[in-house]
Amino acid sequence: MEQTYIMIKPDGVQRGLVGAIIARFETKGFYLRGMKMMSVTKEHAEKHYADLSSKPFFGDLVDYMCSGPVVCMVWEGKEVVKTGRKIIGATNPLASEPGTIRGDYCIELGRNVIHGSDAVDSAKHEIGLWFPEGVSEYAHTAHAWIYE
Ligand code: DAT
Ligand code: MG
């Protein structure tokens, strides 16, 4: 099944949103395959956001990602990449619909509390970057109650 990389950014951790964010993915029926808290080095943040390295906000973005620990997760499920992006909401929190994570919990672009992979290919790349040790494969007892 499809997997995506979800990361609670430093502001999400500091503001006590970890539990609320995890609950949205967990109660949807997605499976948690990997989770850890880590402090991000400048080099690692630059690798994660390499596609944006030419943007004027790149330096601030990297500083923000390194400003405190993040919570890194891998979630699995049918169409979890696209659905995860919907659960997260638009990049700019003021354009995010109420009911989405960014729509409900934040205001500014540079403090938008969460990251989610934007495509299946980038998810694979990001999971490799953040979880080189691999993730947990285990049978879910509720599987037949979530999928028909
Ligand atoms: P997303 O996080 O929704 O995938 P992105 O990959 O385009 O968005 O950008 C990564 C992060 O960079 C985003 O979460 C917030 C920041 N960012 C994007 N566009 C920005 C802008 N115009 N000004 C400041 N920060 C921006
Ligand atoms: Mg992105």
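About the criteria used
Residues numbered from 1 in each chain as written. Chains lettered and ligands numbered in written order. Predicted model: local features only at pLDDT ≥ 70, side-chain atom pairs only at ≥ 80, totals over all residues. Heavy atoms only, no water. Near = heavy atom within 4 Å. Polar contact = N/O pair within 3.5 Å; in protein donor to acceptor, adjacent residues only side chain to side chain. Areas by Shrake-Rupley, 256 points an atom, 1.4 Å probe, with all protein chains shown as cover. Core = buried A, V, L, I, M, F, W, Y, C linked by side-chain atoms within 4.5 Å. Buried < 20%, exposed > 50% of the residue type's maximum accessible area, 1.4 Å probe, protein only. Helix = DSSP H or I, 4+ residues; strand = E, 2+ residues; numbered from the N terminus. Contact = heavy atoms within 4.5 Å. UniProt positions renumbered as here; feature names shortened; annotations may be inferred. Disulfide = S-S within 2.5 Å. Phe/Tyr/Trp six-rings, centres within 6.5 Å; stacked < 30°, edge-to-face > 60°. Lys NZ or Arg CZ within 6 Å of the ring centre and 35° of its normal.

## Quick look at the site of ligand 1
Here is step 1: Contacts to ligand 1 come from Lys 9, Tyr 49, Leu 52, Phe 57, Leu 61, Arg 85, Thr 91, Arg 102, Leu 109 and Asn 112.
Here is step 2: At a separation of 2.5 Å, an oxygen atom of ligand 1 approaches a polar side-chain atom of Thr 91.
Here is step 3: Arg 102 is positioned such that a nitrogen or oxygen atom in its side chain is 3.0 Å from an oxygen atom of ligand 1.
Here is step 4: Surface burial for ligand 1 is 72%, taken as the share of its 520 Å² of free accessible area covered by protein chains.

## Focus: the nonpolar core
Here is step 1: Counting residues in hydrophobic clusters, the biggest one holds 18 residues, and the most contacted among them are Ile 6, Ile 21, Phe 25, Met 73, Trp 75, Ile 101 and Ile 114.
Here is step 2: Those elements giving two or more residues to this core turn out to be strand E1 (3-8), helix H2 (18-28), strand E3 (70-76) and helix H5 (80-88).
Here is step 3: For Ile 21, the residues in contact, after removing those within four places along its chain, are Ile 8, Ile 101, Val 113 and Ile 114.
Here is step 4: Core analysis: the next-biggest nonpolar cluster, separate from the first, contains 17 residues, Ala 45, Val 70, Val 74 and Trp 130 among them.

## Brief notes about the UniProt feature "active site" (unreviewed entry) in the chain
Here is step 1: Per the UniProt record, the feature "active site" (unreviewed entry) sits at His 115.
Here is step 2: For His 115, a relative accessible area of 9% translates into the label buried.
Here is step 3: Apart from the residues lying within four places of it in its own chain, the contact partners of His 115 are Tyr 5, Ile 6, Met 7, Lys 9, His 48, Tyr 49, Ile 88, Arg 102 and Glu 126.

## Remarks on the state of the cysteines
Here is step 1: All told, the structure shown has zero disulfides when counted by the stated rule.
Here is step 2: Among the cysteines around Cys 66, which has no disulfide bond, Cys 72 carries the closest sulfur, lying 12 Å off.
Here is step 3: We classify Cys 66 as partly exposed; its relative accessible area is 30%.
Here is step 4: Summary of cysteine pairing: Cys 106 is not part of a disulfide, and the nearest cysteine sulfur, belonging to Cys 72, is at 18 Å.

## Looking at the packing of aromatic side chains
Here is step 1: Enumeration over the complete set of coordinates arrives at four aromatic pairs.
Here is step 2: Geometrically, the ring pair formed by Tyr 5 and Trp 130 is stacked, given 5.4 Å between the ring centres and 15° between the ring planes. In this pair, Tyr 5 sits in strand E1 while Trp 130 sits in helix H7 (residues 120-130), placing the two residues 125 residues apart along the sequence. Residue Tyr 5 shares its accessibility class with Trp 130, and that shared class is buried.
Here is step 3: Ring centres 5.7 Å apart and planes at 25° place the aromatic pair Phe 25 and Trp 75 in the stacked group. Highlighted residues: Phe 25 in helix H2 and Trp 75 in strand E3, separated in sequence by 50 residues.
Here is step 4: Since its relative accessible area comes to 0%, Phe 25 is described here as buried.
Here is step 5: Judged by relative accessible area, Trp 75 falls into the buried class, the value being 0%.
Here is step 6: Three or more aromatic residues joined by ring pairs form one cluster here, namely Tyr 5, Trp 130 and Phe 131.
Here is step 7: The cationic tip of Arg 33 hangs over the ring face of Tyr 138; the distance from NZ or CZ to the ring centre is 4.7 Å.

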